[in-house]
Structures are given as C-alpha cells and as structure tokens.
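In case you want the letters, here they are:
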2 protein chains.
Amino acid sequence: MTIATVGWIGAGVMGRPMAEHLLRAGFQVVLLERASSGVAALVESGAQTAPNARAVAERADVVFTMLPETDTVEHIVLGAYGVRAGLRPGTLFVDMSSIAPATSRRIARELAAGGVDAVDAPVSGGEQGAREATLSIMAGGTPAAFERAEPLLRCLGSLVVHVGEAGAGQVAKACNQIAVAITIEAAAEALALAEAAGVDAAKVRMALGGGLAASRVLERYGPRMIEGRYEPGARARLHLKDLAIATALASDAGVELPALRLMLQRFTELVERDGDLDHSALRTLIAPSASTRSTD
Amino acid sequence: MTIATVGWIGAGVMGRPMAEHLLRAGFQVVLLERASSGVAALVESGAQTAPNARAVAERADVVFTMLPETDTVEHIVLGAYGVRAGLRPGTLFVDMSSIAPATSRRIARELAAGGVDAVDAPVSGGEQGAREATLSIMAGGTPAAFERAEPLLRCLGSLVVHVGEAGAGQVAKACNQIAVAITIEAAAEALALAEAAGVDAAKVRMALGGGLAASRVLERYGPRMIEGRYEPGARARLHLKDLAIATALASDAGVELPALRLMLQRFTELVERDGDLDHSALRTLIAPSASTRSTD
C-alpha cells in the first residue's frame, strides 16, 4: 500500500515540528482536533483534523503517535474511539512516544490481530533534534513493518536503527535514558568538584573533552552547568518518567543497576523541587556539605 | 634557559613511549638506572642513565616523573637522593603522574624555595594515547612555569590545557577520573539492561551513539563489554587509586558526590576480584539478580 495520508496524534513540543517535516515531504497529514497552538500551527501549514483518534485512523494509511505517557498511548490506540478501531488491514501504526516496552508489545499484538503492522520508534535528541530532523530513532517491530515505516522515519531523524522485534525500540530508549541520566551525573560531579576545589570549571571541561571523559552531555550541558542555566530543554519530570520505566524493565529482566537506582532517587529529588527544569539541573543537587572547607 | 637534556623517571607502560617521543624530538634523555625492559629499550634508542634521582637531575635542564603513586613521587622528588637535591635554580620539574593535588602543591612550594619551577601535568588517554602522542594533558603551575613546559608537553599530547596554579592539573585529573568511572557505569548499565531484556546490545550501542547518550566510553568500551574482553588497557586498581584521591579531595573541598561514592565501592569490589582487569570490567559486576526473569 502506498502511503499518501499520515494520521498524526500529539502536536506538542516534539510532535509539532515532526509533523511539519512530513507535511513538507509531501504527505497529507490528519491531526486530532484540539484547541492547541501546535494543532493550529499545523493546520496553518496545510494539515487537516478529525474529531477523534478513530476518525484520524479511518482517513490515514499510517497513524503516528507522539505522546507523553504510557496510559495515554494505550487509551488513544486501544480505546473505544481509538486508532485500532479506525485502521484497516494492511495499514501501519508507528508510536514515537517513550513508553513501557510491555505496552508496545501488547499494542503490536492487538493490532496484528486486525492485520495492522506496528512499530515502536522512540527518539533521542529532544526539541532541537525534532526541529532539525536530526533525531536518533530506535525502532522495534517485524522486519516488514520496519521496512514500511523506515522512509517516513528518515524524514524525522538522522539515525534510524532497527533494534529488534516489537518493544525493542522502547528497550533501547530505556537504555538511552539510563545512560544519559548517569552521564549527566558524571559531568555534574566532575564540574562540581572542580568548582569546590577552586579550579576553573570551564578549563576542566575543556581538558576533559579531549580524552576518555568526553561525552555529548559534557559538551552540550557543561556550559549550562557552569553558567547555571536550566530552562528546558528536556524536562526533568519526563526523564524521571523514563527512569521509572527503565527501573520496572530492569526489575522484570532481573538485573540490579545501582547507578540507575541512584539516578531515580536524584531525579525524584529534583522533580520535587521543580520538574520543569532541564534535566541538566541535576547539577543543582550537589552543594557543598556542612563541613568546613580545608585549606591544606 | 634552553632545554637540551631531559631527565625522565618512570619508564613503564606510559612513561616509556612518552620518553621515546622526547628522544625522537631531539632531546638528550637521562633515565634512572633500573633493570627494566622500559629502561633497556630507551637506552637502545639512545637514552643515558644515572644511578639515582639526584644524579638524573644534576645532568638535566628539566626532570619529568611518570610514576604510579603519590608516595613514590614524593620520595623520588623530596628524598635525600631525590630530584630536588639535584636541580639547580632556573631548572624545571614536570610531574605527569596522577597524584594527590596537595602533594603537587607541596612539591611546587618546596622546589620554588630552591628557584625551581614546577608543573603538575597528569594525562588522560592511556597507553594508546602515550604511544600515539595523543594524550590530553591537564597542567597546573604558574604561567611562567607552564610556558616553559608547554613545548615539551606538546611532544606528548594533542590537547594541553593550562588549568590553573600548582595542583590544578591534579584536580582536573581527579575530575576526569570521576567522569570516566561514572560514564563507564552508564555504558555498562545501559548495555546490561539491553542484554537482560533480550535485545541486541550492539544495536542499542549503535542507536545510543547517535544521540545525547554518546560518549567516548560507549564508543571505545561498548564493544569490549559486549564481547567480554577485559585485558588492560587501563587497570582497575589504578583507577581505584585515582578515585581514592578524588574522594579525599571532595571531602577536603566539602562536596558530597554520591555517584563517586558508588563508584569507589564498585571499583573496590572489582579490584578485590582482579585489579589487573581493564576498568571497563565494571560491566562484569552487573549480573542478573536471583529473581526469575518475567515474560510478560
């Protein structure tokens, strides 16, 4: 089946620029009708709307979702007026949200029963990656399903990896969020120690960037941490949600991950202060302790 | 003073190729006489030897040390037959070992009293960086001392950063070792979860490498972890030594660094098993827990 019309559900900070890329690539786009600036802007760019997810799906060859929570995706897809009710055999469903892998697998099974292929394709790269179509996309699904989704995914990202069967994209995303969280802590602790020891943190960052300590987090977030700029970006509370998914996944898979456990605590603490800060604000949890500074 | 003759103390895995670069750059090199393969190879390449550190210093315009432990550096420099006893006013001392910053500051003060400039210039990049002269070098010392050392340091590394006053190079190295240790744990936990969840870890590594989770550790050590190759490389017990220095420094500076604390525990556990493994063997501490794997 040739894909001419794309249903798109989720026109937020990420979804809106992503849907724009598909419009620009020449696809018809049908959105869920909503009083939101994202939907309004996309309609301005030529998108149409439909009153519920089923109606979006009825008019589309493929439906994409880009939503913040596992429960929302489940409801939008499997609910009475959901995507499943509107898709015909031979169509395709692609979920780019970050949700629990078990839910992605369940959705894939339920859609397969109706002759619909499903791909879970969560992303890394944030708002900037969405705007610039430079996302990293981690996809799970059958080879046939992935092959159908791939050309559309390539409109949205610069790296598209078919990781494995249904749910494997979500597993990769959980792994990604573990690595990002712990690497933020690595940069935060290194720069905090430099400052506490009275050494120029910007120079330490420069020195670390040339060696084995180099990371994209240190490169991108080091300056934020040094200057104390924590406007989002990627909100701490969304990262906490992803770490909760990762923790449940690790528990189901029977692995003990001590730094993940620590990061779940740290992010919980940060979100209790202000969940709308950028996740690099982990740095703010590190403060000089009560002990007096020694001067040797 | 023009530098023609370099005293070099420490001809191990790192020191030997570094001294070779200085020989190749046209400097005379005087080594501490030792029955070691490193010294023998350097003598073969044209280096001379002297019977103790003082005698090395007496014949040199600058003395370099590249040694494994704080105490050894202190003894070699400040001991009765040490470097300090042999250096004349106007000469230079460069310590490229990774040691406690307080000791570097003390050595700088004691040498300054004798009219000798001192630079602490620890490195990141390991054996490969030493062989290829692509080390990252983090230097501490007065601007004048750094300026004199810089041309020689540029023979050894591809990035040379003057971080600050005496000891600042060692502080930067401590920050580096914190960041590297925590980033190794980040890669290890992400890849361990992928494997435990039954997903191809090599594909997860590829997907993570394109986004915010990207790090030099994931790029270089990811394959080792996936294939279970842990020959050194950078030995776990030396990294543990550096984390002990970093922990003492954080305590003196009055900062609580929870992931550093965790990594000190993890490295202690790894070294109890086998301290001669590469530090990427942190991955081996993550094993499936006793709980049974669920299959949703």
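Residues numbered from 1 in each chain as written. Chains lettered and ligands numbered in written order. Predicted model: local features only at pLDDT ≥ 70, side-chain atom pairs only at ≥ 80, totals over all residues. Heavy atoms only, no water.

Residues and elements named next belong to chain A. Scanning all chains against the criterion turns up 36 salt bridges over all chains. Among the salt bridges present, the one from arginine 106 reaches glutamate 74, with a minimum N-O distance of 2.1 Å. Of this pair, arginine 106 sits in helix H6 (residues 101-113) while glutamate 74 sits in helix H4 (residues 70-78), and the two are 32 residues apart along the sequence. Looking at glutamate 74, the relative accessible area reads 22%, which means it is partly exposed. The salt bridge involving glutamate 185 is made with arginine 266; its shortest N-O contact spans 3.7 Å. Highlighted residues: glutamate 185 in helix H9 (residues 168-196) and arginine 266 in helix H13 (residues 258-274), separated in sequence by 81 residues. In this structure, glutamate 185 and arginine 266 share a single accessibility class: buried. (Salt bridge = Lys/Arg side-chain N within 4 Å of Asp/Glu carboxyl O. Helix = DSSP H or I, 4+ residues; strand = E, 2+ residues; numbered from the N terminus. Buried < 20%, exposed > 50% of the residue type's maximum accessible area, 1.4 Å probe, protein only.)

Scored by pLDDT, chain A has a mean of 95; 97% of the residues are at 70 or more. Predicted confidence for residues 290-296 of chain A stays below pLDDT 50, and this span has eleven contacts to residues more than four positions away or in other chains. (pLDDT = per-residue confidence, 0-100. Contact = heavy atoms within 4.5 Å.)

Before going further, it helps to examine the pairing of strand S8 (residues 135-140) of chain B. Each regular strand carries side chains that alternate between the two faces of the sheet. Residue and element names in this part refer to chain B. When you tally the buried positions in S8, you get six out of six residues, the bulk of the element. The alternating pattern of S8 places Leu135, Ile137 and Ala139 and Ser136, Met138 and Gly140 on opposite faces, both of which are buried. Inspection of the sheet shows strand S7 (residues 123-124) paired to S8 by two bridges, in the antiparallel sense. Among the inter-strand pairings, valine 123 is bridged to a residue of S8, identified as isoleucine 137. Strand direction decides the pairing type here: S8 and strand S9 (residues 157-164), joined by six bridges, are parallel. Paired with leucine 135 across the bridge in S9 is glycine 157. Considered for its hand, the β-α-β crossover made up of S8, helix H8 (residues 143-153) and S9 is right-handed. (Pairing = 2+ DSSP bridges. Right-handed = clockwise from strand over helix to strand, strands pointing away.)

With that settled, consider the nonpolar core. Counting residues in hydrophobic clusters, the biggest one holds 108 residues, and the most contacted among them are Leu193, Leu208, Leu257 and Phe267 of chain A together with Leu193, Leu257 and Phe267 of chain B. If near-sequence neighbours (up to four positions away) are discounted, leucine 193 of chain A is found in contact with Ala174, Cys175, Ile178, Ala246, Leu249, Ala250, Val255 and Leu257 of chain B. (Core = buried A, V, L, I, M, F, W, Y, C linked by side-chain atoms within 4.5 Å.)

Between its first and last C-alpha, helix H12 (residues 236-253) of chain A extends 25 Å over 18 residues, near the 26 Å set by a 1.5 Å rise per residue. When H12 of chain A is considered as a whole, its buried residues turn out to be Ala236, His239, Leu240, Lys241, Asp242, Leu243, Ile245, Ala246, Leu249, Ala250 and Ala253 of chain A. Residues of H12 of chain A that are buried make contact with H4, H6, H9 and H13 of chain A together with helix H9 (168-196) of chain B. Glycine 254 of chain A sits one or two positions beyond H12 of chain A and adopts a positive phi of about 75°. (Expected span 1.5 Å × (residues − 1).)

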